[in-house]
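# Topology and contacts: notes
Chain by chain, the residues:
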Amino acid sequence: MSEQEFMKIASAIKTSYPTVKVLQDKPSMDIWYMMLSDLDYRVCQTAVLELISTSKFPPTIAEIREKCSHLTSPEVKEWSEAWEEVQRSIGKYGMYQPREALGSFDELTRECVNRIGYVNICTSENITADRANFRMIYETEANRKRTDNQLPLALRNEKQKLIDSLVNNTVKQIGGQ
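The rules we used
- Residues numbered from 1 in each chain as written.
- Predicted model: local features only at pLDDT ≥ 70, side-chain atom pairs only at ≥ 80, totals over all residues.
- Heavy atoms only, no water.
- Salt bridge = Lys/Arg side-chain N within 4 Å of Asp/Glu carboxyl O.
- Helix = DSSP H or I, 4+ residues; strand = E, 2+ residues; numbered from the N terminus.
- Axes fitted to C-alpha atoms, helices over the stretch in contact; angles between N-to-C directions.
- Parallel < 35°, antiparallel > 145°, perpendicular 65-115°, else oblique.
- Left-handed = near helix turned anticlockwise from the far one by under 90°.
- Contact = heavy atoms within 4.5 Å.
- Nonpolar A, V, L, I, M, F, W, Y, C, P; charged D, E, K, R; others polar.

### Considerations on the pattern of salt bridges
- Inspection of the entire model under this criterion finds twelve salt bridges.
- Lys-77 serves as the salt-bridge partner of Asp-106, at 2.8 Å between the closest nitrogen and oxygen. Pair noted here: Asp-106 is in the loop between helix H6 (98–103) and helix H7 (107–116) and Lys-77 is in the loop between helix H4 (61–72) and helix H5 (79–93), with a separation of 29 residues, a long-range link.
- Of the charged contacts in the structure, one is a salt bridge between Glu-139 and Arg-135, with a shortest N-O distance of 3.1 Å. Remark: Arg-135 and Glu-139 occur in helix H9 (residues 127–150); sequence separation between them is four residues, near one turn of the helix.
- Connected through shared salt-bridge partners, Glu-111, Arg-115, Glu-141, Arg-144, Asp-148 and Lys-159 make up one network.

Dropping the structure here:
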């Protein structure tokens, strides 16, 4: 979004909450613009108008980004829906067609199943424990995905660079010993 568009959003927030000191000075305007500038103006405007309509308090940057993320990102299904999908795939593909079964899952479900092992789930003698493990993995990854979807792209990329750098340094340290 452009600075002019951001100014309209800032004005809407200030006007809607006249007794609250929000976006009062240049430093606060600068940080808000930096944290919201990657968003599409219409999406951000819709999110802010919805927040203004439903909250007695001014929205935070995080609330605006969260609302925008809900408007633009596909909803992450509940872990129980994903687990049902896994169970149906076992009935349909069995343990001898893991590639086809994994191909039928969305990315998040596939990642969680891969961590446990599709064949391991199929041949499990304690499906209750596997279900609990799947739930823990799925909820953790779904929350991470939701959080990542809220981050500005530049911040997300910088975060990934830092993680990659730390992983590379750890691998070098382990390999050098």
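### Describing the packing of H5 against H9
- With their axes 10 Å apart at the nearest point, H5 and H9 run at an angle of 130° to one another. The angle between H5 and H9 falls in the class oblique. Between H5 and H9 lies a crossing whose hand is right-handed. Contact residues: H5 offers Trp-79, Ala-82, Trp-83, Val-86 and Gln-87, while H9 offers Ile-127, Asp-130, Arg-131, Phe-134, Arg-135, Tyr-138 and Glu-139.
- Partitioned by chemical class, the residues of the contact of H5 with H9 number seven nonpolar, one polar and four charged.

Interpretation note: all reported values are geometric properties and have no functional meaning in isolation.
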